[in-house]
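Single-letter residue listing:
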Amino acid sequence: MKTRFIIFRHGQTDWNVDRRVMGKKDIPLNKVGKKQAEKLALRLVTEEIDVFYSSPLKRAHQTANIVASKHCKQAIIMNDLIEMSLGEFEGKTKEVRVAMFPEFNPANDEHRSKMGMETFSDWISKLKKQTIPILLKNHTGQIIALSTHDQKMRAILIALGMSKKIKEEVLKNSAVSIIELNDKQINIICHNDISHLE
């Protein structure tokens, strides 16, 4: 039975503009971010979404509810969708981060651990073993929307079966990826798509 996952990143925040790492810091959408969420909502208005789940952080929850409102629904908080802890980098601008760790590679678990960050490996494992099976048990054959964050969205996509190379990508604000699972087969409808902003 086919299950459709619509996964999107939150809209822009002031910290995104400053290139300041948020991680688990609870930063709300700015005006541009709210407009991005509204455009994403229009993009997804024809999707017959059965359920919306969101990270508890404001920026993702605001984005989720803007999209969900077009479907007369509200987003359900799911803690596993919260952004990964980004350790010592949280609150730091790109210039400061480069000075702290010039050779840092976000896809490298050793580098992440050195900076007190959660790793992709740990989260991909948890998502595969726990989060995704729960979603499939409760919503097999439905359309599931997940509102989350850049790095957690990468982990979710890999856990669903996409390439591990995604760890090295940056997912754009309000970007959407749509994946269909049919038993163990994966069909990628779109990935990191922001055509709704054009």
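Residues numbered from 1 in each chain as written. Predicted model: local features only at pLDDT ≥ 70, side-chain atom pairs only at ≥ 80, totals over all residues. Heavy atoms only, no water.

Q: When you look at the overall build of the chain in this model, what are you seeing that I'm missing?
A: Within the chain one finds 7 helices and 6 strands. Each helix and strand of the chain, placed in order from N terminus to C terminus, yields the pattern β-α-α-β-α-β-α-α-α-β-α-β-β. Relative to the compact-globule value of 16 Å for 198 residues, the chain shows a C-alpha radius of gyration of 16 Å, a close match. Taken as a whole, the chain presents about 9,700 Å² of accessible surface, with 49% of it coming from carbon and sulfur. (Helix = DSSP H or I, 4+ residues; strand = E, 2+ residues; numbered from the N terminus. Rg over C-alpha atoms; globule rule 2.2 N^0.38 Å. Areas by Shrake-Rupley, 256 points an atom, 1.4 Å probe, with all protein chains shown as cover.)

Q: Which parts of the structure should I look at to understand a positive patch on the surface?
A: On the surface, a cluster of positive charge is contributed by Lys 31, Lys 34, Lys 35 and Lys 39. Structurally, Lys 34 is set in helix 2 (residues 31-43). Judged by its relative accessible area of 39%, Lys 34 falls in the partly exposed class. (Patch = residues over 30% accessible without salt bridge, like charges linked within 9 Å, V, L, I, M, F, W, Y side chains within 5 Å. Salt bridge = Lys/Arg side-chain N within 4 Å of Asp/Glu carboxyl O. Lys, Arg positive; Asp, Glu negative; His and termini not counted. Charge placed at Lys NZ, Arg CZ, Asp CG, Glu CD. Buried < 20%, exposed > 50% of the residue type's maximum accessible area, 1.4 Å probe, protein only.)

Q: Can you help me understand helix 7 (residues 150-160) in this one?
A: Note: α-helices contain 3.6 residues per turn, so residues at a spacing of three or four share the same orientation. Counting buried residues in helix 7 gives 11 out of 11 residues, a clear majority hidden from the surface. Of all the residues in helix 7, the buried ones are Asp 150, Gln 151, Lys 152, Met 153, Arg 154, Ala 155, Ile 156, Leu 157, Ile 158, Ala 159 and Leu 160. Structurally, helix 7 contributes buried residues whose contacts are with strand 1 (2-9), helix 5 (109-114), helix 6 (120-139), strand 4 (143-148), strand 5 (176-182) and strand 6 (185-193). A positive backbone phi angle near 125° is found at Gly 161, which sits one or two residues after helix 7. (Contact = heavy atoms within 4.5 Å.)

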